[in-house]
Structures are given as structure tokens and as C-alpha cells.
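# Per-entry structural report
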Amino acid sequence: MKNPYIKSSLGMYLNYFMLGMINIIVASNMDSLSERYHVDIPKISLLVSAIGIGKLIALFFSGRLADSWGRKPVIITGNFLYLLFLIGIPTTTSYTLAFIFAISAGIANSLLDSGTYPALTESFPKKASSASVLVKASVSIGATVLPFILAYLVAHDIFWGWAFFGLGLLYLLVGIYLLFMPFPNHKQVSSQDALPVQDQLKEEPKMLGEGLAVVLMGFTSTALFVVWQTWLPQLGLKLIGLGTGQATQLLSYFSIGALVSVLLLSIVLDKFISPIMVAIIYPIGAFLAMLSLFQIETYSIVIVSTFFLGLFTAGIFQLAMSIMMKATASSYVNIAASSAFILVPLITSGLVSTYDIKMTLFFDMIIAVISVLLAVFVLGRMKKLFR
């Protein structure tokens, strides 16, 4: 029998395809936004912090809303809330209003997450992992496509805001589409009880030991990704000396790497390698890719390095979530990740204002080293904990 929720899932995946574009749309338009709001580039980067503030605020109520209202209303509310951001950002000339619109985008993001992941799990209970991988793949594909759309707008001298307006129209249409689509009754879906992890342990995990380390990994893994999502086009322009079009398209190569990472992890994780080992290897790979950017000789080397940065920085946060063994502690990992969205743009904008764009690269290299040390510590503790 055909699954009745396939059409519903199509709308949810389209939401995340567009979310991939939204994730990089501020970074891709920093110069235009700076000119429109009459502020410098570091202040524009703080709009990413505003999105993080919205995500952090919504963490405290979005899950409860998805459980009480149901998945469908929460997802559709997220769709319509994105209109504030997508219509407001290119039309206002007030930086303060833009900051508020960015906060609304963060809230919309959390609403989508809180409704979509449970809805897909309930729609495809036997293929929940595959459904989750497709969400991450949709995000990466969207982020790969947007730079080409922006390049087309620039080449044809079309107002950059049409990229925002087009996404706003699509979110509106998908929201209306989902109004008429069926969703599982979340109150009737029974979940299978997993085998208690405690039965496999020699001793109880310590929240102030490995628990805190994994929470910090939630911060560092997100920080690794946010730095590049925020500053990659500016690094291309000011550090590497690329043109505007080439610098923006670096985000496409970065996103292709992230997509390959998602697909690769879905194949090898747990079958051939453990999450904690990937959490050690990936930051090392990211560090080496960043180091190579100091030895730039040709544009092709830049493309390869950017691809590997996407490959080695995507998916580490999900690994941190899978390593965390207590559901209550997983919420702390989420809070740490949302904090990274707020703090990293604040720190890096300060570094760029005080020094130069190169300092974002040094900052991320330090984060990569800390990530490796945290993962090595957790690996050592896991060997002592498990039988």
C-alpha cells in the first residue's frame, strides 16, 4: 500500500531545500546589505547572530507546541513566519528592523525543526534515518543552488532582493500546499522502546565530565560551520582576491562538500566507523583544509580546499547529538549549538573590525583543535564506560 504521507514529505523537503538557501543568503549579500542599511560588514554579520537568538528563544517552546498543537500547524506557522524575514530584509532600510526580522527567521527555523523531524519519523517509522538524511541533503542542495541564482541576478543587473522575494513566494506556496496535505496523528503514533543504554555501561556517565565535553562539542561543531557560512564570500574577496561572482560561488563548492559528507556518513556511520571517531577525524581534516588556504597558488586549489571544508565541517553536530546518551542532556547540546550561532558572529565581527578578515580563519583553526581535544577526551571516557 502506498504511503499516504509521501506528498506531505515533499512539501517538508522543499522547506529545507529553501532553508539551505536562507542559511547563506545573508553571507552572500553582505556588501548589498551593508550599503542598504548604511553599516559596515561586521555589523551585517551580526544578523546571523540574530537568527541564532531566534533559534535559542524558540527552543524553549517550539517542541512543546509541536506536541500540543501537532506537527502540521507548527510547520505551517514556520513557513508563514519566514515571510517577515524574506520580505522585510530587502525592503527595509533600518538595521534595527532587519535585526528583528532575522530573529523571526531563527524562530521560524526552530518551528520547522520541531515539527518536521518528528513528522517524518512518524510518517516513515521504518525509514526514519533515511528521512533525516534527506532533510540534510535538501539543505545542502539548496545552499549549492543559491550562488548560481545570485550570479544570474548580478549578470543581468537584477535587484538582489528578488532572491529573497522568490524564496518568500515559495514558502507561502508550500505553506498553503501543506494546509491540504495529511499528517500522522502524533498522539496515536507509538514509539518502540529502545534498549536501555545503561544496561551496557560499567558506570553512570558524568554530566560534568564526558557530558560537558559533548555539550561543548555541540558548540564547537556548530562554530566550525557557522564561520564559513558567514564569512566565506568575504574571505574569497579580501583574503584570496577573487571577484564577487567567484567569491559567492565558493559557497556552492562548500555546500557540495557538505552534501557529500551527509551521504557518506549515511553509508559508513556505525557500519564501518563510530560517530566519535568521525568527530575526531573531521576537525583534523577541516584544520588541514584551512591551513591549505594560506598556501594558495591557483583558483582550483581554493575550490578543492573549500570543498573539503564543507565535507569536514558538516554533520559533526549530528554526531555530537548521537554520542550524547541522555535525552535531557541532548537539549543542552542544542542550546550550545544555538549559542554558537549567536556568539561566533559576535566574536568574528569583532576580530574583523579590530584586525582583518584573516583572523576568522585563525579563529576557526583554534576551534578545530579544541573540537579534536574534546572528542579524544570523550573517546577515552567511552572506553572506560562501556563493557
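The preceding data block contains the structure.
Analysis parameters
- Residues numbered from 1 in each chain as written.
- Predicted model: local features only at pLDDT ≥ 70, side-chain atom pairs only at ≥ 80, totals over all residues.
- Heavy atoms only, no water.
- Helix = DSSP H or I, 4+ residues; strand = E, 2+ residues; numbered from the N terminus.
- Buried < 20%, exposed > 50% of the residue type's maximum accessible area, 1.4 Å probe, protein only.
- Contact = heavy atoms within 4.5 Å.
- Core = buried A, V, L, I, M, F, W, Y, C linked by side-chain atoms within 4.5 Å.
- Axes fitted to C-alpha atoms, helices over the stretch in contact; angles between N-to-C directions.
- Nonpolar A, V, L, I, M, F, W, Y, C, P; charged D, E, K, R; others polar.
- Polar contact = N/O pair within 3.5 Å; in protein donor to acceptor, adjacent residues only side chain to side chain.
- Salt bridge = Lys/Arg side-chain N within 4 Å of Asp/Glu carboxyl O.
- Phe/Tyr/Trp six-rings, centres within 6.5 Å; stacked < 30°, edge-to-face > 60°.

A separate point is the overall build of the protein chain. Each helix and strand counted, the protein chain has 15 helices and zero strands in total. The burial tally for the protein chain puts 53% of its 387 residues in the buried class. Counting only contacts in the protein chain whose residues sit at least 6 apart along the sequence, the fraction spanning at least 24 positions is 84%.

A separate point is the nonpolar core. One finds Tyr37, Leu47, Tyr82, Phe85, Trp228 and Met290 to be the most contacted residues of the largest nonpolar core, which totals 104 residues. With residues up to four places along the chain from it excluded, the contact list for Leu47 reads Val26, Leu33, Tyr37, Tyr95, Ala98, Phe99 and Ala102. Judged by nonpolar contacts, the second largest core, of five residues, contains Ala58, Val74, Ile107 and Leu111.

As a further point, take the packing of helix α2 (residues 30–37) against helix α5 (residues 71–91). Two elements in contact, α2 and α5, have axes whose closest approach is 9 Å; the angle formed by their N-to-C orientations is 65°. Side by side, α2 and α5 meet where Leu33, Arg36 and Tyr37 of the first sit next to Ile89, Pro90 and Thr91 of the second. Its residues assigned to classes, the contact of α2 with α5 shows four nonpolar, one polar and one charged.

It is worth spelling out the side chain of Ser371 at this point. Looking at the secondary structure, you find Ser371 in helix α15 (residues 358–385). Relative accessible area serves as the criterion here: at 5%, Ser371 is assigned to the buried category. Polar side-chain contacts of Ser371 include one of 3.1 Å to the side chain of Thr220. Those residues in contact with Ser371 that sit more than four places away from it in its chain are Thr220, Ser221, Leu224, Ala279 and Pro283.

For the rest of this paragraph, the subject is the pattern of salt bridges. In the structure shown here, the tally under the stated rule is two salt bridges. Among the salt bridges present, the one from Arg71 reaches Asp67, with a minimum N-O distance of 2.8 Å. Under the relative-accessibility criterion, Arg71 is labelled buried at 9%. The exposure class of Asp67 is partly exposed, given its relative accessible area of 46%.

Attention now goes to unusual backbone geometry. In this structure, His38 takes a positive phi of about 60° despite not being glycine. Within the secondary structure, His38 is located in the loop between α2 and α3 (41–59). Given the relative accessible area of 69%, His38 is considered exposed. Phi at Asp157 takes a positive value of approximately 55°, unusual for a residue other than glycine. Following the sequence through the fold, Asp157 ends up in the loop between α7 (128–155) and α8 (162–179). Classification of Asp157 by relative accessible area gives exposed; the value is 73%.

What follows concerns the environment of Ser49. By secondary structure assignment, the location of Ser49 is in helix α3. As for Ser49 and Pro345, which are separated by 296 residues in sequence, their C-alpha atoms are 5.8 Å apart. Sequence-distant contacts of Ser49, defined by excluding residues within four places in its chain, comprise Phe341, Ile342, Pro345 and Leu346. At a separation of 2.6 Å, a polar atom in the side chain of Ser49 contacts the main-chain carbonyl oxygen of Ile342.

One pass over the structure, following the stated rule, counts 13 aromatic pairs. Measuring from ring centre to ring centre gives 6.1 Å for Phe85 and Phe164, while their planes differ by 55°; the resulting arrangement is tilted. Here the residue Phe85 occupies a position in helix α5, and Phe164 occupies one in helix α8, the gap between them amounting to 79 residues. Both residues of the pair, Phe85 and Phe164, belong to the buried class.

In short, geometric facts, not functional conclusions.
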